[in-house]
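For reference, the chains in residue letters:
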Amino acid sequence: MKDKPSPRDNGKKTKVSPTETVVKDTARALRKTEETYTGIGASRGIAIGECYAFVKEQGEHEYRKLDRKDIGEELERFMAALRRSEKELKKIEKVTTRKLGKGYSDLFQAQIMVLHDPVLIKAISQRIESEHKPAHIIIEEEFDHYVEKLKNSDEMLFRERADDLQDIKERIIRNLHIKKLHSWLPEGVIVASYHLSPADVILLSRSNIKGFITDTGGKTSHISLICKSLNIPIVVGLGNLSQKLSTGIKMIIDASTGKVIVNPEEKTLAHYLEKKNDEKKVEDSASLTAELPATTKCGTRITFYANIDFKEELDTLKTSGAEGVGLFRSENLFTDGTNIPRESMQFAYYRDMAEAINPMPLDIRLFDIGGDKLIYSPVKEPNPNLGWRGIRILVDLPDILEAQIRAIIRANTHGNIDILIPMIVSLEEIRRVRSVIDKAFNELEKEDPLVEKPEIGAMIEVPAAVELIDEITRSVDFISIGTNDLTQYTLAVDRNNIIVQDLFDTFHPAIMRQLHRIIGTAQKNRCRAMICGDMGSNPLALPFLLGCGLTRFSTVVSDIPNLKSHVSRYTLEDTAELARQCLKLETAGEIKVLLEAFQASC
């Protein structure tokens, strides 16, 4: 190729030296290019800033045989490490209570209980004495024995308990060596890490962190729920991205879509700054009208309820505009995952909740638990997701079912409590629960004439329930659609499996058609219908659901103001036509394009 003449050389050729060519090629290779990665958006929002690569200090692994005279000193080091760990956890517990309330601080109370476990302390102490191994080796081995079992579980909640134990192990070993807890970072960074514990998130949030990204984790992990409550964007399940990042790199995280953009170009940065500003305007506008009733452009009333895990969250209902609790996940009363909550404890808890929000409704979902999260079973299930869980356990263990139903009825003196049955696949399950309710109510009404019989609702979250939707909606007072499990079971995609995460799509035509059928059948049978899965919190799905005839939503509390502001932009006539068009489309991509175009036009 001929050299082009430069204005400065009057048409003469400019020679480029080999050295200059190498320098230019090297500079081009080192130039930072924009790269986009996709994970799971677990707490919505946009964060723009510099990365802070947060690497946890690894435990001490050096092995040395202890002399007999050193055993006593090693045992004292172990006990001192337990005391320091407890002091740290109590500090974290206080910060959590102040920021989020007692519900989340119970996570750390459970960890403190582990530090006082006499069986664990005795096992570690005896092994130090008998094997003459350093404390950190024994602690590592003892904890890893349990951690490995939990990590291999098919249940996401069980794997999360492994993370809690891992966090305790690392904390004790660090305190054995009296190493400082890393809890303060530069202000306003985006934290990138392979893994973060709830304690990490709570402590680091004090540095006004803009956002978090992790290689591990799922939407329902403790850190995801904490970030939602703190309104901090987080993207999880990014594989090995943290290994590619270093402190100081510019980045953007869009937790609404699960995208992480590294070294963004100027035009990308400008786009996300504008998007962030637009979202801020929508949030500000929504907060002004949050406590007003939600009404469509044509005057139809839409009701929003809250999904909650702990009674401490009830304080947020009024400011968010929620009109009750559409889903209380009662299984969180299993604070340590094994001990069944006593009837008296449940009664007091439910009574406090019902009184606090009266006359607003409180829908309590019966314990949605898996076999390995409740009791020891001599048989390891090859796939617990398709095994002994939900209503199946409650039917097989009637004492647990009857105690919970009695507690609910005793607490229902204001008549604002309803019961939701999880994982329904047959009418026999509904009839079994109804018979327990009838029997308990007949007995308790004699003791307290003020108690009222709760209405019964069924969770629609497996394809079998969709096939039986006509019979189910004629057998219950209301239904609640759990789109997370419904999508998982319909598409045969584990929603917590990073490898197939891109296949988990609630806008899949099969899911959209199921939702239309469920809502339409419930209307026909005059059965109240509500959605309580993540799809109900998605503004993009909102007009389709309205178009199907849905008027009740139960969502994350923080999403309600924004959803209310969107409702006011639509007429039911327009959304019904949109739903008809969506049902004709053959791919999720086509459906999303249509929904985005509709949203942009309103």
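Parameters at a glance
Residues numbered from 1 in each chain as written. Predicted model: local features only at pLDDT ≥ 70, side-chain atom pairs only at ≥ 80, totals over all residues. Heavy atoms only, no water. Pairing = 2+ DSSP bridges. Helix = DSSP H or I, 4+ residues; strand = E, 2+ residues; numbered from the N terminus. Axes fitted to C-alpha atoms, helices over the stretch in contact; angles between N-to-C directions. Contact = heavy atoms within 4.5 Å. Core = buried A, V, L, I, M, F, W, Y, C linked by side-chain atoms within 4.5 Å. Buried < 20%, exposed > 50% of the residue type's maximum accessible area, 1.4 Å probe, protein only. pLDDT = per-residue confidence, 0-100. Phe/Tyr/Trp six-rings, centres within 6.5 Å; stacked < 30°, edge-to-face > 60°. Lys NZ or Arg CZ within 6 Å of the ring centre and 35° of its normal. Salt bridge = Lys/Arg side-chain N within 4 Å of Asp/Glu carboxyl O. Disulfide = S-S within 2.5 Å.

The strand order across the open sheet built from eight strands is β1-β8-β7-β3-β4-β5-β6-β2, with neighbouring strands paired in mixed fashion. Each edge of the sheet is formed by a strand with only one pairing partner; in this case those strands are β1 (35-38) and β2 (40-43). The average angle at which neighbouring strand axes cross in this sheet is 30°, direction not considered. Relative to strand β6 (residues 234-236), β2 runs antiparallel, the two sharing three bridges. From the neighbouring strand, Ile40 faces β6, where its bridge partner is Val236.

Here the focus is the side chain of Asp418. If you trace the backbone, Asp418 turns up in strand β13 (residues 417-421). Contacts of Asp418, omitting those with residues within four sequence positions, involve Leu362, Asp363, Ile364, Pro454, Glu455, Phe478 and Arg528.

Bringing the nonpolar core into the picture now. Ranked by size, the top nonpolar core spans 148 residues in total, and within it Phe212, Ile405, Ile472 and Ile479 carry the most contacts. Tallying contributions element by element places helix α2 (residues 71-100) first for this core, with nine residues. Residues contacting Ile472, with those up to four places away along its chain left out, are Ile424, Leu427, Ile430, Ala458, Ile460, Ala465 and Ile479. If you look at the next biggest cluster of nonpolar residues, it comprises 16 residues, including Ala47, Cys51, Leu238 and Leu245.

In this structure, Val201 sits in helix α7 (residues 198-204). For Val201, a relative accessible area of 0% corresponds to the buried category. Measuring from C-alpha to C-alpha, the distance between Val201 and Ser224 comes to 9.5 Å, with 23 residues separating the pair along the chain. With residues near it in sequence (within four places) discarded, Val201 still touches Leu196, Phe212, Ile223, Ile226, Cys227 and Leu230.

So, about unusual backbone geometry. The omega torsion across Asn358 and Pro359 is 10°, close enough to zero to call that bond cis. As for its position among the elements, Pro359 is in the loop between α11 (343-357) and β12 (362-365). At Asn208, a residue that is not glycine, the phi angle is positive and equals roughly 55°. In this structure, Met423 is a non-glycine residue whose phi angle is positive, near 55°. Checked against the element boundaries, Met423 lands in the loop between β13 and α15 (427-447). Given a relative accessible area of 4%, Met423 falls into the buried group.

So, about the confidence of the model for the protein. Mean pLDDT over the protein stands at 85; residues scoring 70 or higher make up 85%. Across residues 1-16, where pLDDT falls below 50, the model places six contacts with residues more than four positions away in sequence or in other chains. Counted against residues more than four places away or in other chains, residues 22-31, with its pLDDT under 50, gives zero contacts.

Most of strand β7 (residues 250-254) sits out of view: four of its five residues are buried. Two strands pair when backbone bridges link them, and strand β3 (residues 46-53) and β7 are joined in this way by five bridges, in the antiparallel orientation. From the neighbouring strand, Ile46 faces β7, where its bridge partner is Asp254.

It is worth spelling out the packing of aromatic side chains at this point. Applying the stated criterion across every chain, the model contains three aromatic pairs. When the centroid spacing of 5.2 Å and the interplanar angle of 25° are considered together, the rings of Phe304 and Phe553 count as stacked. Separated by 249 residues along the polypeptide, Phe304 in strand β10 (residues 301-308) and Phe553 in strand β17 (residues 552-556) bring together distant segments of the chain. An identical accessibility class is assigned to Phe304 and Phe553; each is buried. When the centroid spacing of 5.6 Å and the interplanar angle of 35° are considered together, the rings of Tyr570 and Phe598 count as tilted. Highlighted residues: Tyr570 in the loop between α21 (560-567) and α22 (572-584) and Phe598 in helix α23 (residues 588-601), separated in sequence by 28 residues. The exposure class of Tyr570 is buried, given its relative accessible area of 1%. Its relative accessible area of 13% is what places Phe598 among the buried residues. Lying across the ring of Tyr349, Lys311 places its NZ or CZ 4.7 Å from the centre.

Before going further, it helps to spend a moment on the pattern of salt bridges. Applying the stated criterion across every chain, the model contains 34 salt bridges. Measuring nitrogen to oxygen at the nearest pair gives 3.0 Å for the salt bridge that ties Arg127 to Glu142. Of this pair, Arg127 sits in helix α4 (residues 118-131) while Glu142 sits in helix α5 (residues 135-151), placing them 15 residues apart in sequence. The same class applies to Arg127 and to Glu142, which are both buried. Here the residues in one salt-bridge network are Arg127, Glu131, Lys133, Glu141 and Glu142, joined through shared partners.

This brings us to the environment of Val260. Assignment of secondary structure puts Val260 in strand β8 (residues 259-262). For Val260, a relative accessible area of 0% corresponds to the buried category. Note: C-alpha distance between Val260 and Gly39 (221 residues apart in sequence) is 7.7 Å. If we skip the residues at most four places from it in the chain, Val260 touches Glu35, Thr36, Tyr37, Ile213, Val235, Leu238, Leu241, Met251, Ile252 and Ile253.

Overall, the coordinates contain zero disulfides when judged by the stated rule. Cys582 supplies the cysteine sulfur nearest to Cys548, a cysteine that is in no disulfide, at a spacing of 8.3 Å. A relative accessible area of 6% places Cys548 in the buried class. For Cys582, a relative accessible area of 1% corresponds to the buried category.

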